[in-house]
Amino acid sequence: MKVDIKYMQRCLELASRGAGKVAPNPMVGAVLLYDDSIIGEGYHESYGQAHAEVNCIQSVHPLDQALIEKSTLYVSLEPCAHHGKTPPCTELIIRYKIPRVVIACNDPYQEVNGKGIELLKTAGVEVTVGVLESAAKILNQRFICCQEKKRPYIILKWAQSADGKIAANGNHRTYISNEYTNILVHRWRSEEAAILVGAGTAIMDNPALTVRAWKGNNPLRLLIDRNLKTPASAQLLDQSVPTIVFNSIKESTSTNLRYCLIKETDDFIPAMLEILMKEKIQSILVEGGAEILNAFIQKGLWEEARIITNTALQIGQGLAAPILKDAFLKGAFQLHTDHIQFYQPSA
């Protein structure tokens, strides 16, 4: 068992290299082991390209090809059993006569979901499932959320003063988090598929919602503006980055800017999430403001909350920060003046 854990950990390390490159597919790593020596390893490197198992087997040196049918394959997610953009990995494993496969967790995708394991067992392959299962599920929690809940993985984020305010009274932007935390926030943006604000934030703060203080991809920008109050001069509408404006007035598309109509009679946020699922958006970083954040909280539509509290700042009269319901503290750390807390739903 210790050997299985050791090499599954290597699979997870390899899988994480696909972060930001393989969505909406999951991140997967694979290791081929013969007599306690790795003879091949690989990971899913890019969406639409070869899966981890293929890259792993192809990495085996020609002189070691004969060892494949005497080896154990470790893979961080159940091998696929269907024809998608690539052939089924189960067929490859069976064709190479790999006698044993160790899997971290099942793939909840409906076209797989146990079928890959069953095909391997039927072909006489010894299959072990559940090695480092929790760690594997955390790695692909965005993918798993989409498959099980049929909506994107949602992260709530806001910055508040020591006295629990997210903005001061008045028509001006309130800067709360420090310069070090701002870098961290830009890293968070680069790690998610989309970022969301409401019209109030777009008008008051005029954010760009791009990745500037960190090296990474810009997320898809999402704006909830039911009555299209955001001025055309706003940075969110500059068409520099793909952006969707969810509203109740019009439907139209231009370069990098789409207006998506949701009827006033529809439950707005669930309707929006359904649209984004069809667009294969796996995760959303919700940056506010208070009305949007509270709406997600009230509906129980969130998987993580990241709260930044500037312990050196008192605002006094201002807009109260959201209050989480049924949440537990997962972790926290201090970054200069900012105390950063991570919450998850209790249920």
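Before reading on, note that the structure itself is shown above.
So, here is what we can say about the structure in this document. (Residues numbered from 1 in each chain as written. Predicted model: local features only at pLDDT ≥ 70, side-chain atom pairs only at ≥ 80, totals over all residues. Heavy atoms only, no water.)

Turning to the overall build of the protein, a few remarks are in order. When helices and strands are tallied, the protein shows 10 helices and 17 strands. With respect to the principal axes defined by its C-alpha atoms, the protein has extents near 75 × 45 × 35 Å. By residue count, 50% of the 347 residues in the protein fall in the buried class. Long-range pairs, those at least 24 residues apart, make up 67% of the contacts in the protein between residues at least 6 apart in sequence. As presented, the protein carries roughly 16700 Å² of accessible surface, and 50% of it is formed by carbon and sulfur atoms. Each charge class in the protein can be summarised by its mean position, and for the 36 positive and 36 negative side chains these summaries are 2 Å apart. (Helix = DSSP H or I, 4+ residues; strand = E, 2+ residues; numbered from the N terminus. Buried < 20%, exposed > 50% of the residue type's maximum accessible area, 1.4 Å probe, protein only. Contact = heavy atoms within 4.5 Å. Areas by Shrake-Rupley, 256 points an atom, 1.4 Å probe, with all protein chains shown as cover. Lys, Arg positive; Asp, Glu negative; His and termini not counted. Charge placed at Lys NZ, Arg CZ, Asp CG, Glu CD.)

Turning our attention to the nonpolar core. In this structure, Met-8, Leu-32, Leu-73, Tyr-74, Ile-98 and Val-101 are the most contacted members of the largest nonpolar core, which totals 40 residues. Sorting the residues of this core by element identifies helix H1 (2–15), strand E1 (29–34), strand E2 (37–43), helix H2 (52–58), strand E3 (72–75), helix H3 (89–95), strand E4 (100–103) and helix H4 (115–122) as the ones contributing at least two each. Per-element tally for this core: the top contributor is H1, with five residues. Filtering out sequence-adjacent residues up to four positions away, Met-8 remains in contact with Tyr-74, Val-75, Ser-76, Val-102, Ile-103, Ala-104, Val-131 and Leu-132. Within the second largest apolar cluster, 35 residues are counted, among which are Cys-260, Ile-275, Trp-302 and Ile-307. (Core = buried A, V, L, I, M, F, W, Y, C linked by side-chain atoms within 4.5 Å.)

The five strands lie next to each other as E2-E1-E3-E4-E5, forming an open sheet whose pairing is mixed. The open sheet terminates on both sides in strands that have one partner only, identified here as E2 and strand E5 (126–129). Geometrically, the sheet is characterised by an average inter-axis angle of 15° between neighbouring strands, direction not taken into account. The sheet contact formed by E1 and E2 spans six bridges and is antiparallel. Each residue of the ladder has a partner; that of Gly-29, found in E2, is Tyr-43. (Pairing = 2+ DSSP bridges. Axes fitted to C-alpha atoms, helices over the stretch in contact; angles between N-to-C directions.)

This part takes up the sheet that holds strand E8 (residues 194–198). Spatially, 10 strands are ordered E11-E12-E10-E9-E8-E13-E6-E14-E17-E16 in an open sheet, and the strand pairing comes out mixed. Only two strands of the sheet have a single partner each, and these edge strands are strand E11 (252–254) and strand E16 (327–335). Looking at each pair of strands side by side, their axes are set apart by 20° on average, direction ignored. Direction of pairing for E8 relative to strand E9 (residues 220–224): parallel, over a ladder of five bridges. Each residue of the ladder has a partner; that of Val-197, found in E9, is Leu-223. Against the sheet, helix H6 (residues 141–149) contacts strand E6 (153–161), strand E13 (283–286) and strand E14 (304–310), and its axis sits at roughly 120° relative to E6.

Attention now goes to the pattern of salt bridges. In total, this model carries 16 salt bridges according to the counting rule given. Where Arg-151 meets Glu-303, a salt bridge forms, and the shortest distance between an N and an O atom there is 2.5 Å. Of the two residues, Arg-151 is situated in the loop between H6 and E6 and Glu-303 in the loop between helix H10 (290–298) and E14; the sequence distance between them amounts to 152 residues. Overall, Arg-151 belongs to the buried group, its relative accessible area being 9%. For the salt bridge of Lys-157 with Glu-287, the shortest nitrogen-to-oxygen distance reads 3.7 Å. Placement of the pair is Lys-157 in strand E6 and Glu-287 in the loop between E13 and H10, with a sequence separation of 130 residues. Both residues of the pair, Lys-157 and Glu-287, belong to the buried class. (Salt bridge = Lys/Arg side-chain N within 4 Å of Asp/Glu carboxyl O.)

What follows covers the environment of Thr-128. Mapped onto the elements, Thr-128 comes out in strand E5. With a relative accessible area of 22%, Thr-128 lands in the partly exposed category. C-alpha separation for the pair Thr-128 and Leu-293, spaced 165 residues apart in sequence, amounts to 42 Å. Sequence-distant contacts of Thr-128, that is, excluding residues within four places in its chain, are made with Arg-100, Val-101, Val-102 and Ile-103.

If you trace the backbone, Thr-230 turns up in the loop between E9 and strand E10 (243–247). A distance of 2.8 Å separates polar atoms of two side chains, one belonging to Thr-230 and the other to Asp-225. Leaving out residues up to four positions away in the same chain, Thr-230 has contacts with Ala-199, Ala-202, Ile-203, Leu-223, Asp-225 and Leu-237. (Polar contact = N/O pair within 3.5 Å; in protein donor to acceptor, adjacent residues only side chain to side chain.)

Trans peptide bonds make up most of the peptide bonds, and negative phi angles are found at most residues other than glycine. Of note, the bond from Ala-23 into Pro-24 is cis; its omega dihedral lies within 30 degrees of zero at 10°. In this structure, Pro-24 sits in the loop between H1 and E1. Positive phi, normally seen in glycine, also occurs at Lys-97, with a value near 60°. With relative accessibility at 57%, the residue Lys-97 sits in the exposed group. Unusually for a residue other than glycine, Lys-280 sits at a positive phi of about 65°. Owing to a relative accessible area of 52%, Lys-280 belongs among the exposed residues under this scheme.

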